[in-house]
Amino acid sequence: MQEVHSLSCSYSQHALESLDTTGSFELEIANSRIQIDASSTLDDVKLILHKSLNLSGPVSSIGSSHGTLCHFNKENPTTAVTLLTFSAEDGPIPAFSVRAEENVHVIANNLV
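Residues numbered from 1 in each chain as written. Predicted model: local features only at pLDDT ≥ 70, side-chain atom pairs only at ≥ 80, totals over all residues. Heavy atoms only, no water.

In this structure, Leu27, Leu49, Phe86, Phe96 and Val104 are the most contacted members of the largest nonpolar core, which totals 23 residues. Every element with two or more residues in this core is listed here: β1 (3-11), α1 (13-17), β2 (24-29), β3 (32-37), α2 (42-52), β5 (80-86) and β7 (104-110). Residue contacts for phenylalanine 86: discarding those within four places in its chain leaves Gln2, Glu3, His5, Leu49, Leu55, Pro58, Val59, Ile93 and Phe96. (Core = buried A, V, L, I, M, F, W, Y, C linked by side-chain atoms within 4.5 Å. Buried < 20%, exposed > 50% of the residue type's maximum accessible area, 1.4 Å probe, protein only. Helix = DSSP H or I, 4+ residues; strand = E, 2+ residues; numbered from the N terminus. Contact = heavy atoms within 4.5 Å.)

Okay, here's the thing in C-alpha cells:
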C-alpha cells in the first residue's frame, strides 16, 4: 500500500511584512534530519527525500496545491499543501516531524 504524507507551509507574518522570501525548516524522519528551503520546487523536494531516505521507488507530488513547497504572496497569503506519496516498496515511512523553522510555519501530517 502506498503512503501519503503532507506538508502544509505558510510564510510568517514577519516574512510577509518585510518581503523576506528566504525561509527554511528541518524535516526529521526516523534518524535523518533534512534541511529544506521553503522556495524549493516539488521536484527538488522529491529528489532530496529520495536521496536522503535512500528510497528505491519514486515519490509523487500529485495533488499538491503549488509548484513550490511554500508560496510567497504578500497580497494574498496562502498555505501551500504538498502531498508526498511514497511507493509501497519503501514503506512504512516513519512520520515526519518539523524542526527549526525560519520565516515559515510548517505542519507535517501522515495521511496513510
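Next comes the rest of the description.
Looking at where threonine 82 falls in the secondary structure, it is placed in strand β5. Here threonine 82 is in contact with His5, Ser6, Leu7, Leu42, Ser64, Thr68 and Leu69, once residues within four sequence places are set aside.

Here we take up the confidence of the model for the protein. Confidence in the prediction of the protein, expressed as mean pLDDT, is 92, and 98% of residues score 70 or more. Element-level pLDDT for the protein is lowest in strand β6 (residues 96-102), with a mean of 91, against a maximum mean of 95 in β5. (pLDDT = per-residue confidence, 0-100.)

If you check which residues of α2 are buried, you get Leu42, Val45, Lys46 and Leu49. Taken end-on, α2 shows its buried residues confined to a sector of 100°, consistent with a single buried face. Seen from the open side of α2, the exposed residues pointing more than 90 degrees away from its buried face are Asp43 and Lys51. Each element contacted by the buried residues of α2 is listed here: β2, β3, β4 (59-60) and β5. Of the residues one or two after α2, asparagine 54 is the one with positive phi, at around 55°. (Arc of directions from axis to C-beta.)

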